Structures are given as C-alpha cells and as structure tokens.
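# Reading the structure
Spelled out from the first residue to the last, the chains are:
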Amino acid sequence: MNKNQAVELITLYFESWVEQNYEKFARTVHEEAMVRECTGAVIQGKHELDRWFTEWNENGNKVDYWNIHRIGFDSETRVAFVEWTFKCVFEGIEYEWDGASIVYFRDGRIVELNEYEMKRDKFHPYS
C-alpha cells in the first residue's frame with residue numbers, strides 16, 4: 001500500500017456512502033474489517049458491514065456529502081489519517097460535523113477505520 005493507493009481507496013469508500021453504492025463499498029473493505037464510528041458503534045466482519053451499509057441506506061437515510069480536506073499517509077506503518085466534513089440525514093434528522101479517521105489497510109483494502117468527531121462550531125477562548 002502506498003499513499004496514492006490509500007488515497008484512492010479512502011476516496012472510493014467515502015464516495016460509496018454518498019452514492020449509496022454497495023458494490024463500491026464492498027470493494028473497499030476487507031472481509032475482516034472493523035469500523036469504529038464516532039457514535040460508539042463498532043461494526044466488524046463482512047456480514048455486519050454488509051448489513052450496516054444496507055440498513056443505514058434505507059428509509060430515506062442519506063449522506064449528503066462527506067468532503068475530504070486532507071489525507072496523510074505514513075509509509076513506514078502504511079496507516080492513513082483523514083480530515084473531513086460529513087453531513088447526512090438519518091431517521092429524519094439532519095446531522096453535520098467535522099471529523100477525522102485513522103485508516104489501516106490489509107491486502108489492498110481497508111481493514112480498520114476509526115472515526116473521531118470534532119464540534120462544527122469553533123471558538124477562540126483566548127482571543
């Protein structure tokens with residue numbers, strides 16, 4: 001895995017959610033993958049990942065955008081970090097936040113993805 005491959009894979013993963021494209025999603029995640037969402041949910045293994053993607057994208061739920069701001073890559077450990085902004089409608093409620101992910105790879109796919117949320121409203125307490 002090199003940086004270009006990591007960037008391409010991460011981009012495809014994010015696009016799969018926006019496009020609600022299961023085939024694209026399935027091509028990006030390893031069969032043993034684990035996703036730890038910033039909500040606390042942990043989804044692990046092909047069966048859970050498939051069910052999660054399918055069920056999440058039902059009943060009007062939709063990712064409006066998942067914009068990548070930066071992707072960094074450590075070539076020694078082959079781990080990527082991503083800064084992003086996410087907006088969706090889930091169960092009729094609109095959500096939007098900034099976040100970051102740490103992404104691990106195996107066999108040319110994502111094997112672990114850990115998400116972290118950052119508050120969208122920023123302030124400068126010492127200005």
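Residues numbered from 1 in each chain as written. Predicted model: local features only at pLDDT ≥ 70, side-chain atom pairs only at ≥ 80, totals over all residues. Heavy atoms only, no water.

### Examining the layout of surface pockets
- Put simply, the largest pocket is a space of about 340 Å³.
- Taken together, 16 residues form the lining of the largest pocket, with Glu-37, Thr-39, Trp-56, Phe-86 and Trp-97 sitting closest to its centre.
- At the level of secondary structure, the elements contributing two or more residues to the lining of the largest pocket comprise helix H3 (45-56), strand E3 (62-74), strand E4 (79-90), strand E5 (93-106) and strand E6 (109-118).
- No other element matches the 4 residues that E4 contributes to the lining of the largest pocket.
- Per-class residue counts for the lining of the largest pocket are 12 nonpolar, 1 polar and 3 charged. (1 Å grid on protein atoms, 1.4 Å probe; cavity = no way out; pocket = protein on both sides within 12 Å on 5 of 7 lines; lining within 4 Å. Points joined across faces, edges and corners; volume = space filled by probe spheres on them. Helix = DSSP H or I, 4+ residues; strand = E, 2+ residues; numbered from the N terminus. Nonpolar A, V, L, I, M, F, W, Y, C, P; charged D, E, K, R; others polar.)

### Quick look at the pairing of E3
- Relative to E4, E3 runs antiparallel, the two being bridged by 11 bridges. Each residue of the ladder has a partner; that of Phe-73, found in E4, is Ala-80.
- Count of turn residues in the E3/E4 antiparallel hairpin: 4 residues, of which Arg-78 carries a positive phi of about 55°. (Pairing = 2+ DSSP bridges.)

### Focus: the pairing of strand E1 (residues 29-36)
- With 4 bridges connecting them, E1 and E6 associate as parallel partners. From the neighbouring strand, Val-35 faces E6, where its bridge partner is Leu-113.
- In this structure, E1 lies alongside strand E2 (residues 42-44), joined through 3 bridges in antiparallel fashion. Note on E2: the bridge partner recorded for Met-34 is Gln-44.
- Linkage of E1 to E2, two consecutive antiparallel strands, is achieved through a turn of 5 residues, within which Gly-40 is found at a positive phi near 105°.

### Brief notes about H3
- The end-to-end C-alpha separation of H3 is 16 Å, in line with the 16 Å expected for 12 residues at 1.5 Å each.
- Of all the positions in H3, only Gly-45, Leu-49, Asp-50, Trp-52, Phe-53 and Trp-56 are classed as buried. Projected down its long axis, H3 shows its buried positions confined to an angular sector of 165°, all on one face.
- Those residues of H3 hidden inside the fold are in contact with helix H1 (3-19), helix H2 (22-28), E1, E2, E3 and E4. (Expected span 1.5 Å × (residues − 1). Buried < 20%, exposed > 50% of the residue type's maximum accessible area, 1.4 Å probe, protein only. Arc of directions from axis to C-beta. Contact = heavy atoms within 4.5 Å.)

### Side note on the pattern of salt bridges
- In this structure the tally under the stated criterion is 11 salt bridges.
- The salt bridge involving Arg-120 is made with Asp-98; its shortest N-O contact spans 2.7 Å. Here the residue Arg-120 occupies a position in the segment after E6, and Asp-98 occupies one in strand E5, the gap between them amounting to 22 residues.
- Here Asp-98 falls in the buried class, since its relative accessible area comes to 12%.
- By sharing partners, the salt bridges in this structure join Glu-96, Asp-98, Arg-120 and Lys-122 into a single network. (Salt bridge = Lys/Arg side-chain N within 4 Å of Asp/Glu carboxyl O.)

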